[in-house]
Amino acid sequence: MTDDFQLVVRPKRRQKFRKAKQFKDGIISFGSSLTPESQESKQSILQKLQKCRNEIELSDFYTKFQEILVKKISECFLSCHYEELMTATDCGVSNETFGEISPEHNTSLEETFKHLLSLQDDTSSLGHQGLPKDESSSQLKMEECITQLAQLKLELVAYGVGHFAECKIAQYQLALMMAICDQFKLSLYQCYTYDPVWSDIEKSVIHSIGVSLVSKNEEGKRSCLSNKLTLFLMPHCGTALYNNLLWANWNPSQLRNLIIIGNSFQNLVDRHSDKDLQEKAAYIYKIYPATEEIALSNTFVYSDIFNDTSIHCFPMKNLKKLPEDLWLDRSEPNYNLSDIEIIVNK
């Protein structure tokens, strides 16, 4: 799979009005200058994506994935913004951490806090004690938590989709991204995608599903805000892409707000010697001791879509245990270009 992809939703209307903003953000929107044959091909791809999305959302894999993801987002939110949360519960607020929160949601952040803690307690007790599960109650709790989380300023960055016009694996991975965007009601400037291998038809499809393209190959070196949770969807990406992402966010205040859905760091460490990993992926090697990883059960109907996939996060309590001088070395990664699995800028 190729390595770089990021997304942003762009309605077709008012495109002229937003032209200056698009240029400023380095985001491009793809027009509809396709031939009739290409338009027909585009419609066929859109139908395939919708079919893949339906299969994913109805699967046991997605149900469990959803539970784990909501729990990890909740934990990150609570640990990163507890003080702001307690301050903001007194009134409706609008700030960088929480986005727009109306006064009528006044149980708003306090209820968010309670729901998320409740979800953690619920899933923890089920996991450790094997208690029988009330499916309807659990689903209701999940939906309530998602509703609360959708108020927050989450971002999603997806890398490494590849040629989804033809590749079935790519279609399912893009469909998962679509499901996450819809579930958390992510909108314009909350979702990002880019892949240097995409054809004009594929770019047009991305635009049609409510997504815009970042204008350049960032090589995974996206620096995220320290006051905003960012999800990175990166199944089957090259190791260098994960390493670049960690380098670009190499400080505790940013790392604590990252959740990476992608290749298992545990398996990567197991497959390489310390020396090899230090040479090829130094930032993965350095952050691994502080990484909290949950492996996803590979229960999807096709075993080669989400295999070797885990959810990774970096809790502040773990980051504080690392040596302070670890953060001082922020040298940009260098690679042997014949030895890496990403497409680099030339």
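Residues numbered from 1 in each chain as written. Predicted model: local features only at pLDDT ≥ 70, side-chain atom pairs only at ≥ 80, totals over all residues. Heavy atoms only, no water.

Re the overall build of the protein chain
Okay, so step 1: When helices and strands are tallied, the protein chain shows 13 helices and eleven strands.
Okay, so step 2: Scored against the burial criterion, the 346 residues of the protein chain give a buried share of 51%.
Okay, so step 3: Contacts in the protein chain between residues at least 24 apart in sequence constitute 79% of all its contacts with a sequence separation of at least 6. (Helix = DSSP H or I, 4+ residues; strand = E, 2+ residues; numbered from the N terminus. Buried < 20%, exposed > 50% of the residue type's maximum accessible area, 1.4 Å probe, protein only. Contact = heavy atoms within 4.5 Å.)

A closer look at the nonpolar core
Okay, so step 1: Residues Phe65, Leu156 and Phe164 are the most contacted members of the largest nonpolar core, which totals 49 residues.
Okay, so step 2: Secondary structure elements with two or more residues in this core: α2 (36-57), α3 (60-88), β5 (155-158), α6 (168-183), α7 (200-208), β8 (230-234), β9 (258-263) and β11 (309-313).
Okay, so step 3: Take this core: its biggest share by element is ten residues, from α6.
Okay, so step 4: In this view, Leu156 contacts Met177, Ile180, Cys181, Leu186, Gln190, Cys191, Tyr192, Leu231 and Leu233; residues no more than four positions away in its chain are not counted. (Core = buried A, V, L, I, M, F, W, Y, C linked by side-chain atoms within 4.5 Å.)

Some words on the packing of α2 against α7
Okay, so step 1: Between α2 and α7, the least distance of the axes is 10 Å, while the angle of their chain directions is 55°. On the basis of their axis angle, the class for α2 and α7 is oblique. The element α2 and its partner α7 pack so that their crossing is right-handed. Only Ile201, Ser204, Val205 and Ser208 of α7 make contact with α2, whose side of the interface consists of Ser38, Ser41, Lys42, Ile45, Leu46 and Leu49.
Okay, so step 2: A per-class count over the contact of α2 with α7 returns five nonpolar, four polar and one charged. (Axes fitted to C-alpha atoms, helices over the stretch in contact; angles between N-to-C directions. Parallel < 35°, antiparallel > 145°, perpendicular 65-115°, else oblique. Left-handed = near helix turned anticlockwise from the far one by under 90°. Nonpolar A, V, L, I, M, F, W, Y, C, P; charged D, E, K, R; others polar.)

Regarding the side chain of Arg222
Okay, so step 1: On the secondary structure map, Arg222 appears in the loop between β7 (212-214) and β8.
Okay, so step 2: Of the polar contacts made by the side chain of Arg222, one reaches the side chain of Glu218; its length is 3.3 Å. (Polar contact = N/O pair within 3.5 Å; in protein donor to acceptor, adjacent residues only side chain to side chain.)

Considerations on unusual backbone geometry
Okay, so step 1: You will see that Glu219, though not glycine, has its phi angle at about 60°, which is positive.
Okay, so step 2: By the secondary structure assignment, Glu219 is in the loop between β7 and β8.
Okay, so step 3: The backbone of His236 sits at a positive phi, close to 65°, despite the residue not being glycine.
Okay, so step 4: Residue position: His236 is located in the loop between β8 and α8 (239-248).

Quick word on α7
Okay, so step 1: Those residues of α7 that fall on the buried side of the exposure criterion are Ile201, Glu202, Ser204, Val205, Ile206 and His207.
Okay, so step 2: The positive-phi residue at the C-terminal boundary of α7 is Gly210, with phi of around 90°.

Regarding the confidence of the model for the protein chain
Okay, so step 1: Confidence in the prediction of the protein chain, expressed as mean pLDDT, is 78, and 69% of residues score 70 or more.
Okay, so step 2: Per-element confidence in the protein chain ranges from a low mean pLDDT of 35 for helix α1 (residues 19-25) to a high of 97 for helix α12 (residues 282-287). (pLDDT = per-residue confidence, 0-100.)

Considering the side chain of Asp195
Okay, so step 1: Tracing the chain through its elements places Asp195 in the loop between β6 (191-193) and α7.
Okay, so step 2: Engagement of the side chain of Asp195 in a polar contact is seen with the backbone nitrogen of Gly162, the distance being 3.0 Å.

Details of the packing of aromatic side chains
Okay, so step 1: This model, assessed by the stated rule, comprises 13 aromatic pairs.
Okay, so step 2: Note on Phe61 and Phe306: the rings are 4.7 Å apart at their centroids and 5° apart in plane angle, and the pair reads as stacked. One end of the pair, Phe61, is in helix α3; the other, Phe306, is in the loop between β10 (292-295) and β11, with 245 residues separating them in the sequence.
Okay, so step 3: Aromatic pair Tyr242 and Phe265: ring centres 6.0 Å apart, planes at 90°, arrangement edge-to-face. (Phe/Tyr/Trp six-rings, centres within 6.5 Å; stacked < 30°, edge-to-face > 60°.)

A short note on the pairing of β9
Okay, so step 1: A large share of β9 lies buried, amounting to six of its six residues.
Okay, so step 2: As paired strands, β8 and β9 are joined by five bridges and run parallel to one another. Bridging from a neighbouring strand, Leu233 pairs with Ile261 of β9.
Okay, so step 3: Examined bridge by bridge, β9 and β11 share five bridges and lie antiparallel to one another. Bridging from a neighbouring strand, Asn263 pairs with Thr309 of β11. (Pairing = 2+ DSSP bridges.)

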